[in-house]
Amino acid sequence: MEKSQLIEKRFQEYEKAEKLLKNRKPENFSIEKLFPELKLPEVNSRKTYGYYIFDKPVYALIPYLDDIIINVPPFKNREALEKKLKISLDYLIELQERNRVSINLDSDPVAYENLDYMDEIIENAPSSQIRNDMYLKFINPENNYSEISNKIFDGKLFDYAKKLNGMRMLINLKMKLKIQPRTS
């Protein structure tokens, strides 16, 4: 996808998150409601879901969960993504079409510039970074997490390792500013 399309997707993500948060109260709103595309099960449902962590093959979790949520980072090439997921991109998309996995973009859509092999995923997946930033801002409006995050990440295209280092910087910055994590 071209940068202009990714910037438009970024804008749409912020717009969608604002609509989902409008007229809501933080005390009875969970972050899962920011991701209606994932079709997560209701609290009293017998359906199960879990988040995929890059240490086991995705297919190993399928017998145990009804839905697996996968946050896909902006890997520079298809081979790196497939190596990390331990399955082919085509199979991942097939699992998504069969409603066995739900895919999120791990980063701001602009970070996926020039990753044409991911176009099909980029078009349909929500951005967990943007939605999570909006949720943090929603539950604690005095501390503008989005603004802090944008100062660090905006306009920068990190590879995955640099992105993790950037997240560490963001956590350290939050600690310096004494931003308290949400407790349940």
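Anything mentioned here points back to the structure above.
Residues numbered from 1 in each chain as written. Predicted model: local features only at pLDDT ≥ 70, side-chain atom pairs only at ≥ 80, totals over all residues. Heavy atoms only, no water.

Even after reading the chapter, I still don't get the pairing of strand S3 (residues 101-105), so can you show me in this structure?
Remember that side chains alternate between the two faces of the sheet whenever the strand is regular. Counting buried positions along S3 gives five out of five residues, so the element sits mostly inside the fold. Looking at chain direction, strand S2 (residues 67-72) and S3 are connected through five bridges and run parallel. Bridge pairing in S3 links isoleucine 69 to serine 102. (Buried < 20%, exposed > 50% of the residue type's maximum accessible area, 1.4 Å probe, protein only. Helix = DSSP H or I, 4+ residues; strand = E, 2+ residues; numbered from the N terminus. Pairing = 2+ DSSP bridges.)

Where do I start with helix H1 (residues 3-21) in this structure?
Owing to its 3.6 residues per turn, the α-helix aligns residues three or four sequence positions apart on the same side. The end-to-end C-alpha distance of H1 is 27 Å, a good match for the 27 Å that 19 residues give at a rise of 1.5 Å each. Of all the positions in H1, only Leu6, Lys9, Arg10, Glu13, Tyr14, Ala17, Leu20 and Leu21 are classed as buried. The buried residues of H1 occupy one face: seen down the axis, they fall within an arc of 135 degrees. The outward face of H1, more than 90 degrees from its buried face, is lined by the exposed residues Ser4 and Lys19. Following H1 by one or two positions, asparagine 23 has its phi on the positive side, about 60 degrees. (Expected span 1.5 Å × (residues − 1). Arc of directions from axis to C-beta.)

For this particular structure, what's the right way to read the nonpolar core?
Within soluble globular proteins, side chains that are nonpolar tend to cluster in buried spots. Formed by 30 residues in total, the largest nonpolar core has its most connected members in Val58, Ile70, Leu85, Leu92 and Ile121. Among the elements of the structure, S2, helix H2 (78-85), helix H3 (89-97), S3 and helix H4 (119-124) are those that each provide at least two residues to this core. Per-element accounting of this core gives the leading share, four residues, to H3. (Core = buried A, V, L, I, M, F, W, Y, C linked by side-chain atoms within 4.5 Å.)

Help me understand the pattern of salt bridges in this model?
Between side chains of opposite charge, pairing is possible as soon as their charged atoms come close. Throughout the structure, instances matching the rule amount to six salt bridges. Salt-bridge contacts for glutamate 13 lead to lysine 9; the nearest nitrogen and oxygen are separated by 3.8 Å. Here lysine 9 and glutamate 13 lie together in helix H1, a separation of four residues that amounts to about one turn. Taken as a pair, glutamate 13 and lysine 9 share a single burial class, namely buried. Each of Lys9, Glu13 and Arg131 takes part in a single network of salt bridges with overlapping partners. (Salt bridge = Lys/Arg side-chain N within 4 Å of Asp/Glu carboxyl O.)

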